[in-house]
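Here's the letter readout for the chains.
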Amino acid sequence: MNKKRVLISAVLLLLSLIIVYVFFLSGKHRVIANEDATIVLKSDKLYAPFKNNQSAITAKYIDQVAQVQGLITSISKNTIELDNIIQVDLNNDLKTNLEKGNVITIKGRCVGYDDLFDVVKIDQAIVLPKE
Amino acid sequence: MIKPVIAMLFLVALELTSYQEKIIARQGNVSFFSYTSVENIKAENNQVLSIIDLENSKIAVSMLMNAFVFEKALMREHFNESYIESDIYPKATFEGEIIDFNPLQEGSQTKMVKGVFTMRGISKELEIKTKIEKLNDKYILSGVFEAVVNDYDIKIPPLLAGNIAKTILVNFRFEYDPYEN
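Keep in mind that what you see is a predicted model, and the values were worked out from it rather than measured. (Residues numbered from 1 in each chain as written. Chains lettered and ligands numbered in written order. Predicted model: local features only at pLDDT ≥ 70, side-chain atom pairs only at ≥ 80, totals over all residues. Heavy atoms only, no water.)

**Focus on the pattern of salt bridges**
Logical step 1: Applying the stated rule across the entire model yields 16 salt bridges over all chains.
Logical step 2: When salt bridges that share partners are traced, they join Asp63, Arg109 and Asp123 of chain A together with Arg76 of chain B into one network. (Salt bridge = Lys/Arg side-chain N within 4 Å of Asp/Glu carboxyl O.)

And the structure:
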């Protein structure tokens, strides 16, 4: 009888530890590429509220999945700049043949605005295929 | 008549050269480590921006706190929401000067970088030993420094005090290219 009780409490303890681990400690990372975009904008429309310090709007953009269209103004490694105002860090190195002057649409996480280079940053991004 | 033209040409030339004397890094790497007996926490930011003016050795660094990547999603959440409060203080910046920097010296040189580091609206004077490598028109700056958690008024709940080191080790590495625009 006593043994049974010990066994049951041991199992309960183990179960609660697993529950604690699963819900509180293991916390899965988001996979931005698999999420649907919650903001769909042209580059200048995304940039303007950050530039003009409209924090009520920008607070809603940060950490959201943004789908942005723009003209490539620079490319280096896996970083693309759109219209000189959005800096996009791609998930992987570029595989497609993108060039300066191409108009593309990307999807990624809106990180925020950096006034040093005067850009809105998007990371974990993918280039969406042309419609 | 000629004199103002020459003066203007001179000014334009000056403008042009000073323009080319800037180098920038768009994918600078800053990582930090917290070692305690309870757990080790590591986070990395690969999107740090920096610019150096080779003419006066001034350096500026700017990083978005939201771009730090952690091993566990929950660590990131605590970092942004509780400790750094990145919605209120989205950026950390450094502005300073590389002391006795010789931008023309090829190869490697070690210099002190002196400046002000600002995080959570609190500014601290820092002096960081930095290795500078130059290969043609590319420069790499790298180094390590320590940041004291208490200095930046970061509140850690007593329950988690044992999980986070009092002094955080910060590593950085920036690769600069000539600024062209």
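**Considerations on the side chain of Lys121 of chain A**
Logical step 1: Mapped onto the fold, Lys121 of chain A is located in strand 6 (residues 119-128).
Logical step 2: For the buried Lys121 of chain A, which has no salt bridge, the nearest side chain bearing the opposite charge is Asp89 of chain A, at an N-O separation of 5.0 Å.
Logical step 3: Dropping the residues within four chain positions of it, Lys121 of chain A is found in contact with Gln87, Asp89, Arg109, Cys110, Val111, Gly112 and Asp114 of chain A together with Gln47, Val48, Leu49 and Leu64 of chain B. (Helix = DSSP H or I, 4+ residues; strand = E, 2+ residues; numbered from the N terminus. Buried < 20%, exposed > 50% of the residue type's maximum accessible area, 1.4 Å probe, protein only. Lys, Arg positive; Asp, Glu negative; His and termini not counted. Contact = heavy atoms within 4.5 Å.)

**A short note on empty space enclosed by the protein**
Residues and elements named next belong to chain B.
Logical step 1: Enumeration according to the criterion identifies one cavity of 30 Å³ or more in this entry.
Logical step 2: In this structure, the largest cavity is lined by 14 residues; those nearest its centre are Val61, Phe94, Ile128, Phe172 and Phe174.
Logical step 3: Elements represented by at least two residues in the lining of the largest cavity include exactly strand 3 (58-64), strand 6 (107-119), strand 7 (122-135), strand 8 (138-148) and strand 9 (167-178).
Logical step 4: Each residue belonging to the lining of the largest cavity can be placed in one class, and the counts come to 13 nonpolar, one polar and no charged. (1 Å grid on protein atoms, 1.4 Å probe; cavity = no way out; pocket = protein on both sides within 12 Å on 5 of 7 lines; lining within 4 Å. Points joined across faces, edges and corners; volume = space filled by probe spheres on them. Nonpolar A, V, L, I, M, F, W, Y, C, P; charged D, E, K, R; others polar.)

**Quick notes on the interface of chain B and chain A**
Logical step 1: If you look at the interface, chain B gives 25 residues, while chain A gives 27 residues.
Logical step 2: Overall, the association of chain B and chain A removes approximately 2000 Å² of surface from exposure, summing both partners, and the carbon and sulfur fraction of that is 47%.
Logical step 3: Three residues, Arg26, Gln27 and Gln47 of chain B, lead the burial of chain B against chain A; their summed loss comes to 30% of the area buried on that side.
Logical step 4: Seen at the junction of chain B and chain A, the total is five salt bridges.
Logical step 5: Between Arg26 of chain B and Glu81 of chain A there is a salt bridge, with its nearest N and O atoms 2.6 Å apart.
Logical step 6: Our enumeration of links across chain B and chain A arrives at 14 residue pairs in polar contact (both at pLDDT 80 or more).
Logical step 7: Of all the elements in the fold, those that place two or more residues in the side of chain B that touches chain A are strand 1 (22-35), strand 2 (40-53), strand 3 and helix 2 (73-83) of chain B.
Logical step 8: In the side of chain B that touches chain A, the residues fall into 13 nonpolar, six polar and six charged. (Buried area = accessible area lost by both parts, 1.4 Å probe. Polar contact = N/O pair within 3.5 Å; in protein donor to acceptor, adjacent residues only side chain to side chain.)

**Examining the pairing of strand 2 of chain B**
Residues and elements named next belong to chain B.
Logical step 1: The element strand 2 is largely enclosed, with a buried count of 10 among its 14 residues.
Logical step 2: Sheet analysis places strand 1 next to strand 2, joined by 11 bridges and oriented antiparallel. The residue bridging Phe32 from the neighbouring strand is Ala43, located in strand 2.
Logical step 3: Where strand 1 folds back on strand 2, the antiparallel hairpin that results is connected by four residues.
Logical step 4: Sheet topology note: the strand 2/strand 4 (residues 69-70) ladder contains two bridges and is antiparallel. Paired with Ala43 across the bridge in strand 4 is Phe70.
Logical step 5: Strand direction decides the pairing type here: strand 2 and strand 3, joined by five bridges, are antiparallel. Bridge assignment links Ser50 to a residue of strand 3, and that residue is Val61.
Logical step 6: The hairpin formed by strand 2 and strand 3 contains four residues between the paired strands, and Ser57 there has a positive phi angle of roughly 60 degrees. (Pairing = 2+ DSSP bridges.)

**Concerning the layout of surface pockets**
Logical step 1: Of the voids in this model, the largest pocket is the one considered here, and its volume is about 1200 Å³.
Logical step 2: Around the largest pocket, the lining is made up of 45 residues, and of these Ile62, Asp63, Arg109 and Val111 of chain A together with Asn66 of chain B lie nearest the centre.
Logical step 3: Going through the elements one at a time, helix 2 (43-51), helix 3 (55-61), strand 4 (86-90), strand 5 (103-114) and strand 6 of chain A together with strand 2 and helix 2 of chain B are the ones with two or more residues in the lining of the largest pocket.
Logical step 4: In terms of residues, the lining of the largest pocket owes the most to one element, helix 2 of chain B, which gives five residues.
Logical step 5: Here the lining of the largest pocket is built from residues that sort into 15 nonpolar, 16 polar and 14 charged.

**Examining the nonpolar core**
Logical step 1: Of all hydrophobic cores here, the largest spans 42 residues; its most connected members are Ile59, Phe68 and Tyr176 of chain B.
Logical step 2: Here the element with the most residues in this core is strand 9 of chain B; it accounts for five residues.
Logical step 3: Setting aside chain neighbours within four positions, we find Phe68 of chain B in contact with Val30, Phe32, Ala43, Glu44, Asn45, Met63, Arg76 and Phe79 of chain B.
Logical step 4: Within the second largest apolar cluster, 22 residues are counted, among which are Leu46, Ile85, Val88 and Val120 of chain A. (Core = buried A, V, L, I, M, F, W, Y, C linked by side-chain atoms within 4.5 Å.)

Fair warning: the whole summary comes from geometry, so function is off the table for now.
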